[in-house]
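Architecture at a glance
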Amino acid sequence: MKAVQYRTIGAAPEVVTVPTPEPGPGQVLLKVTAAGVCHSDIAVMSMPAERLGFPLPLTLGHEGVGTVAALGAGVDGLSEGEAVAVYGPWGCGRCLTCAQGKENYCLRAAELGIRPPGLGAPGAMAEYLLVDDPRHLVPLGGLDPVRAVPLTDAGLTPYHAIKRSLGKLLPGSTAVVIGTGGLGHVAIQLLRAMTAARIVALDVTEEKLALARSVGAHEAVLSDARAAATVRELTGGVGAQVVLDFVGAPPTTAAAGAMAAVEADVTIVGIGGGTLPVGFGSLPYEVSVASPYWGTRDELIEVLDLARAGALDVHVETYGIDDAPLAYERLHAGLVNGRAVILP
Ligand code: NAD
Ligand code: ZN
Ligand code: ZN
């Protein structure tokens, strides 16, 4: 089968032919319908070898949807041809946090060598994907697979970030979304569907700001050195109750802190190397700062339910598998509006 692989440290991904996997006991083989392209893949492909933590080659793709192609021995409850989305942050399934559905924070994944597909295990950017356990699969239930595939990360990750702050997103509050790309443009829609907050979106190009407005941002402003001051002006000097930073680079984490209200939540989702020091006097009183990772199993079910209710309009650009390297180039250059999706 064809697969998109990251093969050499620092090199671009390549389309190669690899053996089609067969499901072992307890596993499920999916025929991949669509796989999403995430900026985290670019971060992975920029890491020096010693930070990578797993061997190459790596078949990319940690957002996947497909249809059940074959069941390993002992698997039941799924039928061939059924359309499913893949919950990506696999855990052991048995520890306390896994039992709570939080496999993204599995206590034993590192020790057991469990890695998400596309981030250590072979991923969804291939004709077939081997899934270790049927519990990682959520029925699509009629959703368009191409527009649903980003929900497994670009939907689930902001959903998890927003859920932690729901108590602060009251009527009259302001939520800022920094970076309105794959994750950010879904975050705006999630905020609209789940809260009454006023949404201020920040990005660096007019195209991205236009997308932000079209998916529901009340205000969309350029993310420049004045951004924090602009958010203060827009909030009568108070600042934002919730700031979601989908860039996480030094200028955006600094701006996120500078635009926070007293008792705000600042959530740094982007992995751009920025930090935000917490200490008396460095931020407004009682600001909490968190850097969450992905989302929980139950939250993926909730995000897909929200999509089925018609609340989410994910913008996608589609590419054939041979054009996957081009999709990464365009994402790197900031040219993708919404999410790039590969159709293997
Ligand atoms: P993306 O490239 O689709 O979107 C990033 C957006 O940020 C783009 O629209 C870009 O124009 C904008 N941007 C760049 N610099 C900016 C600045 N200074 N101010 C405002 N906007 C700016 O990326 P994505 O796939 O949506 O991922 C976003 C980030 O989240 C990445 O860092 C990715 O690695 C990370 N991520 C983290 C998790 C997690 O679990 N924590 C999960 C998925 C992705
Ligand atoms: Zn991702
Ligand atoms: Zn676990």
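Residues numbered from 1 in each chain as written. Chains lettered and ligands numbered in written order. Predicted model: local features only at pLDDT ≥ 70, side-chain atom pairs only at ≥ 80, totals over all residues.

**With respect to the sheet that holds strand 4 (residues 58-59)**
- Spatial strand order, 2-1-4: three strands in an open sheet with antiparallel pairing. Bordering the open sheet on either side are strand 2 (14-17) and strand 4, each of which pairs with just one other strand.
- Of the pairings in the sheet, the one linking strand 1 (residues 2-6) to strand 2 comprises four bridges and is antiparallel in character. Each bridged residue has a counterpart across the sheet, and for Q5 the counterpart in strand 2 is E14. (Pairing = 2+ DSSP bridges. Helix = DSSP H or I, 4+ residues; strand = E, 2+ residues; numbered from the N terminus.)

**Considering the sheet that holds strand 13 (residues 260-268)**
- Across the sheet, which stays open at both edges, the six strands sit in the order 11-10-9-12-13-14 with parallel pairing between neighbours. Either end of the sheet is taken by a strand with one partner, and the two such strands are strand 11 (219-222) and strand 14 (288-290). Across the sheet, the mean angle separating the axes of adjacent strands is 15° when strand polarity is ignored.
- Pairing of strand 12 (residues 240-245) with strand 13 involves five bridges; the strand directions are parallel. Counted as the bridge partner of D245 is I268 from strand 13. (Axes fitted to C-alpha atoms, helices over the stretch in contact; angles between N-to-C directions.)

**So, the site of ligand 1**
- Neighbouring residues of ligand 1: 34 residues in total, closest H39, G179, G181, G182 and S223.
- Of all the secondary-structure elements, those providing two or more residues to the shell around ligand 1 are helix 1 (39-44), helix 7 (182-194), strand 10 (198-203) and helix 10 (250-258).
- Built from parts of two domains, the shell around ligand 1 gets at least three residues from each of domain 1 (2-153 + 295-343) and domain 2 (156-290). (Near = placed C-beta within 6 Å. Domains from an automatic or database assignment.)

**Observations regarding the confidence of the model for the chain**
- On average, residues of the chain score 98 in pLDDT, and 100% of them are at 70 or above.
- Across the interface, the model reports ipTM at 0.99; the global pTM reads 0.98. (pLDDT = per-residue confidence, 0-100.)

**Points about the domain arrangement of the chain**
- Under the domain assignment used here, the chain contains domain 1 (2-153 + 295-343) and domain 2 (156-290).
- Taken over C-alpha atoms, the centre of domain 1 sits 27 Å from the centre of domain 2.
- Of the residues lining the interface, 24 residues belong to domain 1; the matching set on domain 2 comes to 16 residues.
- Those elements that provide at least two residues to the side of domain 1 that touches domain 2 are helix 1 and helix 11 (297-308).
- At five residues, the largest contribution of residues to the side of domain 1 that touches domain 2 is made by helix 11. (Contact = placed C-beta atoms within 7 Å.)

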